Amino acid sequence: MTFQPTDQGFYGEYGGAFVPEMLHANVEELRQNYLKFSETEEFKKEFQSLLKDYVGRPTPLYFAKRLTEKYGSKIYLKREDLCHTGAHKVNNTIGQILLAEKLGKKRIIAETGAGQHGVATATVCALKGLQCIVYMGEHDIKRQAPNVSRMKMLGAEVRPALSGSKTLKDATNEAIRDWINNPNDTFYIIGSVVGPHPYPDMVARFQSVISEEIKWQLQEHEGRENPDMVIACVGGGSNAAGAFYHFMEDERVKLVAAEAAGLGVDSGKSAATSLLGTNGILHGSRTLLMQTADGQVIEPYSVSAGLDYPGIGPLHAHLITSGRAKSYPITDDEALESVLEVSRLEGIIPALETAHAFSVLNKIEHHKDQVIVVNLSGRGDKDLNTYIEHFNF
Ligand SMILES: *Cc1c(COP(=O)(O)O)cnc(C)c1O
């Protein structure tokens, strides 16, 4: 079984590029150029140098002694929370801004839900002195005020999406409309392994530095490159794609995806896409998405803003339906419990998204020779208000 996409971007039956005719030229330009540029020595050198000196890579692979004592498997944490801006998302925006430069684009657009991808995009636009416009649902602008301020600090313009539910999907529609109207000078930076081909593959490649580092770091710690299991949370799936990437072809490494079950898989307030999703087209790719019988997207819910996406990337749809990866639904309450546990046992306050990955430790069997890597996708500072409210601190 292979988990690399075909030339047209298909992972099994998922993926592809289902875009309106007016976007075809933009997507095709990217498809023809993304590997041509990103595989050159010059590009790799600049990408690696920024990852090292700007982002702070390699991020540590930390042996979590007290979690290990509690659960019984050997648990390592891949510290993406220590990346500049506090999460893995910047690995990808650095890659895409370099590509935008190579393609001669002067104007960057992005859409954001929780604002994390908006901040990561505004950051690299400041770094490169490029114009940055971030579309964000009006409702999300109110809910995520600190990230809106961060984007503005960094020089980005935040444009509210006023239609529909005024959330992520409406912001995405606005960004796509902008791209159609500005086909020549504009680069659209997508924040996860979603969207039309080549985005899922491009983003997975930029994030694959995570598992590339895990391999040599685990070799140093354990004398072997491969863990027995890698656990990551999945919103669109970019941190998971990065953590899984170099292990996908080796069936001995179990791949585990934690999804947001919200108030419960059957509660009607959930984002457990791989369980509740059916085949359809979302944001230009064929994948599993939560939809009504007549194909309307169901508004997802999770306490964690970064996981409430109604679909998953086509790579993950393929990994999960083929049986290569297993997904676990994690409720809001379970995730919040894990936040406190990791804070108290390891002195690390994780992001709410990341906490879903930690909750999987309660759902699997452990034994002392089993080596598990949990991808610690981001730090919890941005979620402090939720934590204060929930725990009454
Ligand atoms: C955005 C975000 C996620 C979810 O996005 P993926 O593309 O699924 O990785 C997970 N963790 C953190 C900390 C995030 O900011």
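All values derive from a computational prediction rather than experimental measurement.

Here we look at the pattern of salt bridges
Counted by the stated rule, this structure contains 32 salt bridges. Among the salt bridges present, the one from glutamate 29 reaches lysine 105, with a minimum N-O distance of 3.0 Å. Highlighted residues: glutamate 29 in helix α1 (residues 21-38) and lysine 105 in the loop between α4 (89-102) and β5 (107-112), separated in sequence by 76 residues. Salt bridges linked by common partners bring Glu42, Glu46, Glu101, Lys102 and Lys128 together as one network.

With respect to the sheet that holds strand β14 (residues 371-375)
One open sheet accounts for six strands, arranged β3-β4-β14-β9-β10-β13; its pairing is mixed. If you trace the sheet from one side to the other, it starts and ends with β3 (61-63) and β13 (325-331), each paired once. Ignoring which end each strand starts from, the neighbouring axes of this sheet average 25° apart. As paired strands, strand β9 (residues 229-233) and β14 are joined by three bridges and run parallel to one another. Looking at the pairing, valine 230 lines up with valine 373 of β14. This element, helix α14 (residues 332-346), spans β3, β10 (254-262) and β13 of the sheet and lies at about 95° to β13.

Some details on the site of the ligand
Close contacts around the ligand come from 16 residues, with Lys89, Ser192, Gly235, Gly237 and Ser238 the closest. Protein contacts shield 97% of the accessible area of the ligand, which totals 380 Å² for the unbound molecule. Split by domain, the shell around the ligand shows at least three residues from each of two domains, domain 1 (10-49 + 89-202) and domain 2 (56-87 + 208-391).

Digging into the domain arrangement of the protein chain
By the assigned domains, the protein chain splits into domain 1 (10-49 + 89-202) and domain 2 (56-87 + 208-391). Averaged C-alpha coordinates put domain 1 and domain 2 at centres separated by 23 Å. On the side of domain 2, 33 residues touch domain 1, which itself brings 28 residues to the contact. Of the roughly 2,500 Å² buried where domain 1 meets domain 2, counting both sides, 61% is carbon and sulfur surface. Contact with domain 2 buries area across many residues of domain 1, yet Tyr14, Asn91 and Val193 alone supply 24% of it, more than any other trio. The tally of links between domain 1 and domain 2 comes to one salt bridge. Counting every contact that joins domain 1 to domain 2 gives twelve residue pairs in polar contact (both at pLDDT 80 or more).

Conventions and cut-offs
- Residues numbered from 1 in each chain as written.
- Predicted model: local features only at pLDDT ≥ 70, side-chain atom pairs only at ≥ 80, totals over all residues.
- Heavy atoms only, no water.
- Salt bridge = Lys/Arg side-chain N within 4 Å of Asp/Glu carboxyl O.
- Helix = DSSP H or I, 4+ residues; strand = E, 2+ residues; numbered from the N terminus.
- Pairing = 2+ DSSP bridges.
- Axes fitted to C-alpha atoms, helices over the stretch in contact; angles between N-to-C directions.
- Contact = heavy atoms within 4.5 Å.
- Near = heavy atom within 4 Å.
- Areas by Shrake-Rupley, 256 points an atom, 1.4 Å probe, with all protein chains shown as cover.
- Domains from an automatic or database assignment.
- Buried area = accessible area lost by both parts, 1.4 Å probe.
- Polar contact = N/O pair within 3.5 Å; in protein donor to acceptor, adjacent residues only side chain to side chain.

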